[in-house]
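Reading the structure
In case you want the letters, here they are:
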Amino acid sequence: MKDLLLIAVFALAGAVCAGLGGALVLRLVRRRSVAVSLTVVAAVTVTAMLAGTLAVAQAMFLSAHDLWVVTVVVAMAALVSLGTALVLGRWVVARSRALARAARDFGDGGSFAAPDGAATAELAALTRELAATSAKLDASRRRERSLEASRRELVAWISHDLRTPLAGLRAMAEALEDGMAADPARYHRQIRTEVERLTTMVTDLFELSRIHAGALAISPSRMSVYDLVGDALSGADPLAREHGVRLVGEEVEAVPVEVDGKEMTRVLANLLVNAIRHTPADGTVAVAAERRAGAVVLSVTDGCGGIADDDLPRVFDTGWRGTEARTPPGGAGLGLAIVRGIVEAHAGRTEVHNVPGGCRFEVTLPAAPH
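As a starting point, this report considers the structure included with it. The structure displayed is predicted, hence computed values, not measured ones. (Residues numbered from 1 in each chain as written. Predicted model: local features only at pLDDT ≥ 70, side-chain atom pairs only at ≥ 80, totals over all residues. Heavy atoms only, no water.)

Some points on the packing of aromatic side chains
To describe a pair of aromatic rings, one takes the distance between the centres and the angle between the planes. As a reminder of what qualifies: Two rings belonging to Phe, Tyr or Trp (six-membered ring only in the last case) form a pair when the distance between their centres is within 6.5 Å. Interplanar angles under 30 degrees mark stacking, angles over 60 mark edge-to-face geometry, and anything in between is tilted. The way it works is that DSSP assigns letters per residue, a run of H or I at least four long becomes a helix, a run of E at least two long becomes a strand, and they are numbered from the N terminus. Buried means the residue's accessible area, taken with a 1.4 Å probe over protein chains only, is under 20% of the maximum for its type, while exposed means over 50%, and partly exposed covers the values in between.
Per the counting criterion, the structure on display carries one aromatic pair. Aromatic pair F316 and F361: ring centres 5.9 Å apart, planes at 85 degrees, arrangement edge-to-face. Here F316 is found in the loop between strand 5 (295-301) and helix 8 (335-345), whereas its partner F361 is found in strand 7 (residues 358-366), with 45 residues between them in sequence. The exposure class of F316 is buried, given its relative accessible area of 7%.

What follows is the structure, encoded as structure tokens:
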């Protein structure tokens, strides 16, 4: 038992010395290829075994022949170990380089394509993460391109919409200044109308910029949907009378919600104004509210004749004005974008669906706890 313990001590001493030397070498080559590190690990393993064997052989006074046999056996093991480490290292390096090239491709604007062939568990996990990141980056690029296109359209449309009233204001101001206006009072009323229109456009732009900047601060309070819809209908009633459109709000449940009353009133006002302007005279705009699966759904249904299927996904985009079935008024296409921004700030969502004779805009909000 004592001899066995002594052999273990000598073997451990030799192996520790080899291990410390290997750790130092690994630290020196830590920035080199993984193939080098694997080779060093294999060499340390064999060296530790050889050092322990030689230490035991020296202590046990083995014959020169026996010591030579042991050394040859360890050397053969070293050659096999080093060869295996080199093959494994080169395979891992090749796989890593292929993964790096694939990652570089999707980083330059392409899509990630996983390299063919087998991989270690770690490289396979990294491949899956890179594929997921590539998908997210691709979606982000598409959103960015869509936003950039919307911005360009918005700038073009705003420039057009500003040019017309400003030209009119300039002409009327020059006519009044030169005393050429036959009816100055009518010119004054027209100037006021155009100024109010411009003010509304600037206010919408400011509101939209706050939404896009994430600076829209809401102050939720508990209120009834019935009261919210009632206030919105009262505000939209004069416009509806002017256009000969009938407002209906009979299917409204008195369910509670926690929302910013001012901002949510603006949401309903924008939806109602949008619906009234696109509904022909003698048409009907209906407002409804109901509890549905733990949420409150507000809907505004108009008689616009429907929205083209290709336009449905873009209805709430900044600057959207519609085509074909839905002829836009002289607005800047900001109202529905503001609606979506405010609703999303309340952790809700907006949707639009075609219905017989028109379309229905839905706003889904979390229901207030009882």
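Some points on the environment of D161
Position of D161 among the secondary structure elements: in helix 4 (residues 121-178). Classification of D161 by relative accessible area gives buried; the value is 4%. Along the chain, D161 and L198 lie 37 residues apart, while their C-alpha atoms are 9.0 Å from each other.

Digging into the sheet that holds strand 6 (residues 349-355)
Pairing between the strands of a sheet is mediated by backbone hydrogen bonds and can be parallel or antiparallel. For the record, the criterion: Pairing between two strands requires that DSSP report at least two bridges joining them. To obtain an axis, a line is fitted to C-alpha atoms, over the contacting stretch when the element is a helix, and the angle between two such axes runs from 0 to 180 degrees between their N-to-C directions. In this description, contact between two residues means that some pair of their heavy atoms is separated by no more than 4.5 Å.
Spatial ordering of the open sheet is given by 2-4-5-7-6, a layout of five strands whose pairing is mixed. In the strand order of this sheet, the two ends are held by strand 2 (246-252) and strand 6, each with one partner. Strand-to-strand, the axes of this sheet are offset by a mean angle of 20 degrees, without reference to chain direction. Strand direction decides the pairing type here: strand 2 and strand 4 (residues 284-292), joined by five bridges, are parallel. From the neighbouring strand, E251 faces strand 4, where its bridge partner is A288. Sheet strands in contact with helix 7 (residues 261-278) are strand 2, strand 4, strand 5 and strand 7, and its direction is about 175 degrees off that of strand 7.

Examining helix 7
Condition: A helix is expected to span 1.5 Å multiplied by its residue count minus one. Two N or O atoms count as a polar contact when they lie within 3.5 Å, although within protein this holds only if one can serve as hydrogen donor and the other as acceptor, and sequence-adjacent residues are included solely when both atoms are side-chain atoms.
End to end, helix 7 covers 26 Å across 18 residues, agreeing with the expected 26 Å (1.5 Å per residue, within 8%). Capping the start of helix 7 is the job of one residue whose side-chain oxygen sits 3.1 Å from the backbone nitrogen of K262: D260.

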